[in-house]
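The lines below spell out each chain.
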Number of protein chains: 2
Amino acid sequence: MEIQLHIKMNEKLFLRNPEQSELGRKIIFHSIQLIHKNGFEDFTFKKLAKEMGSTEAGIYRYFENKHKLLIYLTAWYWSWLEYQLNFHTHNIDDPTVKLKRVIKLLASTVEDDVRTDHIDENTLHQVIITEGSKTYLTRNVSEDNKDQLFKPYKDLCAIIGNMIVECNPNYKYPKSLASTIIEMAHFQNFFMHNLPSLTDFGVHKDELEIISFLEDLVFSVLIKA
Amino acid sequence: MEIQLHIKMNEKLFLRNPEQSELGRKIIFHSIQLIHKNGFEDFTFKKLAKEMGSTEAGIYRYFENKHKLLIYLTAWYWSWLEYQLNFHTHNIDDPTVKLKRVIKLLASTVEDDVRTDHIDENTLHQVIITEGSKTYLTRNVSEDNKDQLFKPYKDLCAIIGNMIVECNPNYKYPKSLASTIIEMAHFQNFFMHNLPSLTDFGVHKDELEIISFLEDLVFSVLIKA
DNA sequence: CTAAAATGATAGTATTACTATCTTCTGTGA
DNA sequence: TCACAGAAGATAGTAATACTATCATTTTAG
């Protein structure tokens, strides 16, 4: 039995749907690899075309520009993560346990999802850690936000916020705590590997320590409130 | 009595010291304004030169490229903030009070420091909120880090980390908590203004609420530990 | 089998990110 | 006071980036 996982993406993210053609799927696959290899600043559609054995113009038929492509990848990632989250917290009633699963999911190395053959989730995860916040730290946030481009991120944040409320209805900042968990799961990972003195994880470089840090943070606040 | 404040910057940040000439100081002043106005992605040395009534080549004599200039501005900002922090926590013994001052300093709108006439600290603060993390979220982090370009940021983080240890020597993650406070003071501000559903501050858009959120977070963790 | 759609190949433009060179200005110290 | 060094201005040039346009060829869907 072969199961394919398909995530429906906001149409404003692309000019032509990359999931629906071989070329489109190659764009997704190779862009993840190239951005991971050389960083988003160095990444161009010309280099991507060369890597893929295709042409620059061909890529422009799918994506308006590289920033939209990055938002696409990020949106896909958060949607996929929401799916994973639903799966892993399914049938769990205790909100504390659910929240622990979420933290683990956010802060752990991802394993490749075999149901998506044009996306290497592990590499994508690493790309999102380094490049994810560049999607919204721009002059166009508001416009892009109006086009709902950040919906998957906001949805995930809302879900986590709701779990926090379930854990403790008296806590006053569930949404901010949720966005803090998400961002810090990534930033502490980036710091651990690249600027270790900004963390307490420089010695072992172990993701489990990030999970412990976040769990301690979240549950201290929620128990106290 | 006129007092000037001067911050000695790492020499690897520039080719010619911008603080030591009128042109250099104009570069600093106008780059802050331009980056604030149109964002770092849209910012070029050509546009900056036009804005200043100078030439592109002239700016290249001071800074290798716009990324180095951004790191310069960011490093200056963190150095200045460390100075402010020392000033505001001077003669205070209670580490809890000190930590509260730090949080307030990080999360509040800055007022212009009249002792630095070529830098508008309030605008610079807003620039750092949006563009600050782009200094290190690149392929060159490690190299730039070796050149000590992030020293002011790391120093500030270490100081805050030490205050955390003073508050509670048993807490296991002082450095990560410090970097979390710093980053979240900025991110929650950015979210509040641009993606308010990621925060609990969308209604009043009031920095005081961010301060309350961070204080609650920090002291819950530290009391419990 | 045919028409439409997708892709490939190629070319072209404005802007970006620089480097180089030559001239002019400006301040200092002999 | 003059000369000379260093800073700044003016101008030009190059390779790469970020696109757009056009036309031929291949694929595919009815």
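Look above for the structure.
All of the points below concern the structure found in this document. This structure is a prediction, so every number in the text was calculated from the model and none was measured.

**Here we look at the relation of the copies chain A and chain B**
Thought 1: Expressed as a screw operation, the relation of chain A to chain B combines 0.0 Å of axial shift with a rotation of 180°, fitting to an RMSD of 0.0 Å. Expressed as a symmetry operation, the mapping of one chain copy onto the other fits a two-fold axis. Across chain A, the smallest distance between a C-alpha and the rotation axis is recorded for A:S220, namely 2.9 Å.
Thought 2: A symmetric contact is evident, with 100% of the interface residues of chain A recurring at the interface of chain B.

**Concerning the protein's contact with DNA strand D**
Thought 1: Inspection of the region around DNA strand D gives 16 residues, with A:E56, A:Y60, B:S54, B:R61 and B:Y62 positioned closest.
Thought 2: Here a base oxygen of DNA strand D and a side-chain polar atom of B:R61 are 2.8 Å apart.
Thought 3: Top element by residues in the surface near DNA strand D is helix α3 (residues 56-60) of chain A. It accounts for 3 residues.
Thought 4: A per-class count over the surface near DNA strand D returns 5 nonpolar, 4 polar and 7 charged.

**Structural notes on the interface of chain A and chain B**
Thought 1: The interface is formed by 51 residues belonging to chain A together with 51 residues belonging to chain B.
Thought 2: A buried area of about 4400 Å², summed over both sides, lies between chain A and chain B, and 64% of it is on carbon and sulfur atoms.
Thought 3: Considering only the side of chain A, the residues that lose the most area to chain B are A:L137, A:R139 and A:Y173, jointly responsible for 15% of the buried surface there.
Thought 4: Our count for the contact surface shared by chain A and chain B stands at 0 salt bridges.

**Regarding the protein's contact with DNA strand C**
Thought 1: The local shell around DNA strand C holds 16 residues, among which A:R16, A:R61, A:Y62, B:Y60 and B:N65 are the closest.
Thought 2: If you look at DNA strand C and keep only atoms within 4 Å of the protein, 47% of those are sugar or phosphate atoms.
Thought 3: Separating a phosphate oxygen of DNA strand C from a side-chain N or O atom of A:R16 is a distance of 3.0 Å.
Thought 4: Within the side chain of A:Y62, an N or O atom sits 2.7 Å from a phosphate oxygen of DNA strand C.

**What to know about the packing of aromatic side chains**
Thought 1: With the rule as written, the count across this model stands at 39 aromatic pairs over all chains.
Thought 2: The interplanar angle of 70° and the centroid separation of 5.5 Å between the aromatic rings of A:Y173 and B:F213 together place this pair among those described as edge-to-face. Of the two residues, A:Y173 sits in the loop between α8 (151-167) and α9 (174-194) while B:F213 sits in helix α10 (residues 207-224), which places them in two different chains. The same class applies to A:Y173 as to B:F213, namely buried.
Thought 3: Taking the ring centre of A:F219 as reference, the NZ or CZ of A:K100 above it sits at 5.6 Å.

**A short note on the pattern of salt bridges**
Thought 1: Throughout the structure, instances matching the rule amount to 18 salt bridges over all chains.
Thought 2: Residue A:D113 is joined to A:R115 by a salt bridge in which the shortest nitrogen-to-oxygen separation is 2.6 Å.
Thought 3: Residue B:K134 is joined to B:E41 by a salt bridge in which the shortest nitrogen-to-oxygen separation is 3.1 Å. Of this pair, B:K134 sits in the loop between α6 (121-131) and α7 (141-146) while B:E41 is found in the loop between α1 (22-38) and α2 (45-52), placing the two residues 93 residues apart along the sequence.

**So, the packing of helix α4 (residues 66-89) of chain B against α6(B)**
Between two packed helices, what matters for the description is the angle formed by their axes and the separation of those axes.
Residue and element names in this part refer to chain B.
Thought 1: Between α4 and α6, the shortest axis-to-axis distance is 10 Å and the interhelical angle comes to 115°. Seen from above, α4 lies across α6 with left-handed handedness. Taking contact as the criterion, the partners of L70, L73, T74, W76, Y77, W78 and W80 in α4 are, on α6, E121, L124, H125, I128 and E131.
Thought 2: Here the residues of the contact of α4 with α6 sort into 8 nonpolar, 2 polar and 2 charged.

**Describing helix α1 (residues 22-38) of chain A**
Given 3.6 residues per turn, any residue in an α-helix points the same way as the ones three and four places further on.
Residues and elements named next belong to chain A.
Thought 1: Compared with the 24 Å implied by 1.5 Å per residue over 17 residues, the 24 Å span of α1 between its first and last C-alpha is a close match.
Thought 2: All of the buried residues along α1 are G24, I27, I28, H30, S31, I32, L34 and I35.
Thought 3: Considering only its buried residues, α1 is in contact with α2 (45-52), α3, α4 (66-89) and α6 (121-131).
Thought 4: Looking one or two places after α1, you find G39, whose phi comes out positive at around 85°.

**Focus on the nonpolar core**
Nonpolar side chains tend to gather and get buried jointly when the protein is soluble and globular.
Thought 1: Residues A:L106, A:Y136, A:I160, B:L106, B:Y136 and B:I160 are the most contacted members of the largest nonpolar core, which totals 156 residues.
Thought 2: Beyond its immediate sequence surroundings of up to four residues, A:I160 is in contact with A:L85, A:L99, A:V102, A:L106, A:A178, A:I181 and A:I182.

Procedures and definitions
Residues numbered from 1 in each chain as written. Chains lettered and ligands numbered in written order. Predicted model: local features only at pLDDT ≥ 70, side-chain atom pairs only at ≥ 80, totals over all residues. Heavy atoms only, no water. Least-squares fit on C-alpha atoms with pLDDT ≥ 70 in both. Contact = heavy atoms within 4.5 Å. Near = heavy atom within 4 Å. Polar contact = N/O pair within 3.5 Å; in protein donor to acceptor, adjacent residues only side chain to side chain. Helix = DSSP H or I, 4+ residues; strand = E, 2+ residues; numbered from the N terminus. Nonpolar A, V, L, I, M, F, W, Y, C, P; charged D, E, K, R; others polar. Buried area = accessible area lost by both parts, 1.4 Å probe. Salt bridge = Lys/Arg side-chain N within 4 Å of Asp/Glu carboxyl O. Phe/Tyr/Trp six-rings, centres within 6.5 Å; stacked < 30°, edge-to-face > 60°. Buried < 20%, exposed > 50% of the residue type's maximum accessible area, 1.4 Å probe, protein only. Lys NZ or Arg CZ within 6 Å of the ring centre and 35° of its normal. Axes fitted to C-alpha atoms, helices over the stretch in contact; angles between N-to-C directions. Left-handed = near helix turned anticlockwise from the far one by under 90°. Expected span 1.5 Å × (residues − 1). Core = buried A, V, L, I, M, F, W, Y, C linked by side-chain atoms within 4.5 Å.

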